[in-house]
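Given next are the chains, with one letter for each unit.
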Amino acid sequence: MQLCPKAEQTLTPAIEAPAVIHPKLGLEFFLLLPRIGMRMTEFKRDEGERFKPYFDTVGKITIGVGRNLTDGSVSQGECELLLQNDIAKRLDGLIGSRPTSTALL
């Protein structure tokens, strides 16, 4: 079966669903993953993706794809992920600048 050209242009590839169903989110979330992948692509296209904080059109501090930091915050998990990424960057810099520094790890 062939799709009309307009339908082919509007289709967005879905993300691959994980093999394990999240215990708190359940089967419904698992079944929604392909749709979420399509929505993420649309959000990035419509909102843009910025990697540094900025003021949005209503003056709120925002980052990423429309993440409002003025009225919200980051979760503990997100905070830990940021810290892990910061540590990994520092270690990469340390190892890259001093070949002998790997003995310290």
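A. Spotlight on the packing of aromatic side chains. Per the counting criterion, the structure on display carries zero aromatic pairs. One cation-aromatic arrangement involves R50 over Y54; the distance from NZ or CZ to the ring centre is 4.0 Å.

B. Geometry of the environment of G48. Relative to the helices and strands, G48 resides in the loop between α2 (26-47) and β1 (50-55). On the basis of relative accessibility, which here comes to 26%, the residue G48 falls in the partly exposed class. Along the backbone, G48 and G66 are 18 residues apart, and their C-alpha atoms lie at a distance of 7.8 Å. The residues contacting G48, other than those within four sequence positions of it, are F43, G64 and V65.

C. How the structure looks around the layout of surface pockets. Here the largest pocket defines a volume of roughly 570 Å³. Taken together, 16 residues form the lining of the largest pocket, with I63, G64, R67, E78 and L82 sitting closest to its centre. Those elements that provide at least two residues to the lining of the largest pocket are α2, β1, β2 (61-64) and α3 (76-97). Sorting elements by how many residues they give to the lining of the largest pocket places α3 first, with four residues.

D. Representation of the pattern of salt bridges within the structure. Applying the stated criterion to the full structure yields five salt bridges. Here E42 and R39 are joined by a salt bridge, their closest N and O atoms 3.2 Å apart. One end of the pair is E42 and the other is R39, both in helix α2 and three residues apart, which spans about a single turn. Overall, E42 belongs to the partly exposed group, its relative accessible area being 23%. The partly exposed category is assigned to R39, whose relative accessible area is 43%. For E78, the salt bridge goes to R67, with nearest N and O atoms at 2.7 Å. Here E78 is found in helix α3, whereas its partner R67 is found in strand β3 (residues 67-68), with 11 residues between them in sequence. Overall, E78 belongs to the partly exposed group, its relative accessible area being 29%.

Thresholds applied
Residues numbered from 1 in each chain as written. Predicted model: local features only at pLDDT ≥ 70, side-chain atom pairs only at ≥ 80, totals over all residues. Heavy atoms only, no water. Phe/Tyr/Trp six-rings, centres within 6.5 Å; stacked < 30°, edge-to-face > 60°. Lys NZ or Arg CZ within 6 Å of the ring centre and 35° of its normal. Helix = DSSP H or I, 4+ residues; strand = E, 2+ residues; numbered from the N terminus. Buried < 20%, exposed > 50% of the residue type's maximum accessible area, 1.4 Å probe, protein only. Contact = heavy atoms within 4.5 Å. 1 Å grid on protein atoms, 1.4 Å probe; cavity = no way out; pocket = protein on both sides within 12 Å on 5 of 7 lines; lining within 4 Å. Points joined across faces, edges and corners; volume = space filled by probe spheres on them. Salt bridge = Lys/Arg side-chain N within 4 Å of Asp/Glu carboxyl O.

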